[in-house]
Amino acid sequence: MKTLSENACFGGTQGVYSHASATCNCEMTFAVFLPEEAKDGPVPVLWYLSGLTCTHENAMTKAGAQAWAAEHGIALVFPDTSPRGEDVADDEAYDLGKGAGFYVNATQDPWAPHFQMRDYIAEELPSLLAGNFAVDITRQAITGHSMGGHGALVLAMTLPGRFLSVSAFAPIANPSKSDWGRKQLGAYVGSNEKDWGKNDATVLMQEKGFDGPILIDQGAQDQFLDLLRPEALAAAIATRRQQAIFRMQPGYDHSYFFVSTFMEDHIAFHADALYAG
């Protein structure tokens, strides 16, 4: 693991690191914020998964999360959204390839050799964190924005017992029924739509749900509402009687102005779960 930068931040440290990923078969970059409490021992972890076109840097610099994480003594992890490198497959469109990994394990060419983002987030990166940072890997929560909200919800529902809470900002809520999803799932995991449900938060809510609290914020003036399909997930939550808070926020769009506005709420929500008992 290489240290690319480390900066003092709200009494703690904001670092950026890279490593040779065996899972994605390329060099991967990620960021970690450690609060001051990490100097005395392991602290709980909140993952933040970013959206289309983003890297580790977008949320690290725009979400305003470090101040609130420092207040609660929580580490933040900002992974990249896809593999990178000259030999990594890409597409001319912004919503496929680099920057658009969708947090799935690709089974189709040309994506399969590198695009194993689910296993990277679920297995390789947690192991790396536990071995190199003062984090308590037994106390984890997860959140994300847009494509990252999709990833957070899917990982939470398909890794029982891993995360104590999950939240999302404007998640791609029903990708198997949306142009932000059908294209990518078809490319990455194949044309058999029966395989898409395990990567769809609405389908997973109908079939599994989540054993813990959920918080979702959605901007009512989001320019991508038709692609996100929040109403499908809200209906699935209601039908399942899932423990969840789903808030439509009047006037807000899809931007980081929206994310940063409600970040304090989300970190406080996760702190309640991470420190319960």
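Residues numbered from 1 in each chain as written. Predicted model: local features only at pLDDT ≥ 70, side-chain atom pairs only at ≥ 80, totals over all residues. Heavy atoms only, no water.

**Brief notes about the pairing of strand β7 (residues 163-169)**
Every other side chain in a regular strand lies on the same face of the sheet, so the side chains alternate between the two faces.
Part 1 of the argument: Burial analysis of β7 places six of its seven residues in the buried class, the great majority of the element.
Part 2 of the argument: Across two bridges, the pairing between strand β6 (residues 135-144) and β7 is parallel. Residue pairing for β7: Ile142 is matched across the bridge by Val166.
Part 3 of the argument: A crossover connection joins β6 to the parallel β7 through helix α4 (residues 147-158); in handedness this β-α-β unit is right-handed.
Part 4 of the argument: Two strands pair when backbone bridges link them, and β7 and strand β8 (residues 214-219) are joined in this way by four bridges, in the parallel orientation. By the bridge assignment, Ala168 is partnered in β8 with Ile216. (Buried < 20%, exposed > 50% of the residue type's maximum accessible area, 1.4 Å probe, protein only. Helix = DSSP H or I, 4+ residues; strand = E, 2+ residues; numbered from the N terminus. Pairing = 2+ DSSP bridges. Right-handed = clockwise from strand over helix to strand, strands pointing away.)

**Focus: unusual backbone geometry**
Part 1 of the argument: Backbone torsion omega between Asp109 and Pro110 reads 5 degrees, so that peptide bond is classified as cis.
Part 2 of the argument: Mapped onto the elements of the fold, Pro110 is located in the loop between β5 (75-79) and α3 (117-132).
Part 3 of the argument: If you check the backbone angles, Tyr103 has positive phi at about 55 degrees while not being a glycine.
Part 4 of the argument: Here Tyr103 shows up in the loop between β5 and α3.

**So, the environment of Ile74**
Part 1 of the argument: You can see Ile74 is positioned in the loop between α2 (65-72) and β5.
Part 2 of the argument: Residues contacting Ile74, with those up to four places away along its chain left out, are Phe33, Pro35, Pro44, Val45, Leu46, Ala69, Ile267, Ala271, Leu274 and Tyr275. (Contact = heavy atoms within 4.5 Å.)

**Some details on helix α5 (residues 179-189)**
Part 1 of the argument: Turning to α5, its buried residues are Trp180, Gly181, Gln184, Leu185, Ala187, Tyr188 and Val189. Projected onto a plane normal to the axis of α5, the buried residues spread over an arc of 165 degrees and lie on a single side.
Part 2 of the argument: Structurally, α5 contributes buried residues whose contacts are with α7 (225-228).
Part 3 of the argument: Directly beyond the C-terminal end of α5, a positive phi value near 110 degrees is found at Gly190. (Arc of directions from axis to C-beta.)

**Overview of the pattern of salt bridges**
Part 1 of the argument: Taken as a whole and assessed by the stated rule, the structure comprises seven salt bridges.
Part 2 of the argument: Among the salt bridges present, the one from Asp217 reaches Arg247, with a minimum N-O distance of 2.7 Å. One end of the pair, Asp217, is in strand β8; the other, Arg247, is in strand β9 (residues 244-249), with 30 residues separating them in the sequence.
Part 3 of the argument: Judged by relative accessible area, which is 0%, Asp217 ranks as buried.
Part 4 of the argument: Of the residues examined, Arg247 reaches a relative accessible area of 25% and is grouped as partly exposed.
Part 5 of the argument: Each of Asp217, Arg247 and Asp265 takes part in a single network of salt bridges with overlapping partners. (Salt bridge = Lys/Arg side-chain N within 4 Å of Asp/Glu carboxyl O.)

**With respect to α4**
Part 1 of the argument: Taking 1.5 Å as the rise per residue, α4 with 12 residues should run 16 Å; its terminal C-alpha atoms sit 16 Å apart, in good agreement.
Part 2 of the argument: Among the 12 residues that make up α4, 12 are buried, leaving the element largely enclosed by the rest of the structure.
Part 3 of the argument: All of the buried residues in α4 are Met147, Gly148, Gly149, His150, Gly151, Ala152, Leu153, Val154, Leu155, Ala156, Met157 and Thr158. (Expected span 1.5 Å × (residues − 1).)

**Overview of the packing of aromatic side chains**
Part 1 of the argument: Counted by the stated rule, this structure contains 12 aromatic pairs.
Part 2 of the argument: Ring geometry for Phe115 against Tyr188: centres 5.6 Å apart, planes inclined by 20 degrees, an arrangement best described as stacked. Placement of Phe115 in the loop between β5 and α3 and of Tyr188 in helix α5 is noted, with a sequence separation of 73 residues between them.
Part 3 of the argument: Overall, the relative accessible area of 1% leaves Phe115 in the buried class.
Part 4 of the argument: Given the relative accessible area of 0%, Tyr188 is considered buried.
Part 5 of the argument: Seen from their ring centres, Trp180 and Phe224 are 4.8 Å apart, and the 40 degrees between their planes marks the pair as tilted. With Trp180 in helix α5 and Phe224 in the loop between β8 and α7, this residue pair connects regions lying 44 residues apart in the sequence.
Part 6 of the argument: Given a relative accessible area of 5%, Trp180 falls into the buried group. (Phe/Tyr/Trp six-rings, centres within 6.5 Å; stacked < 30°, edge-to-face > 60°.)

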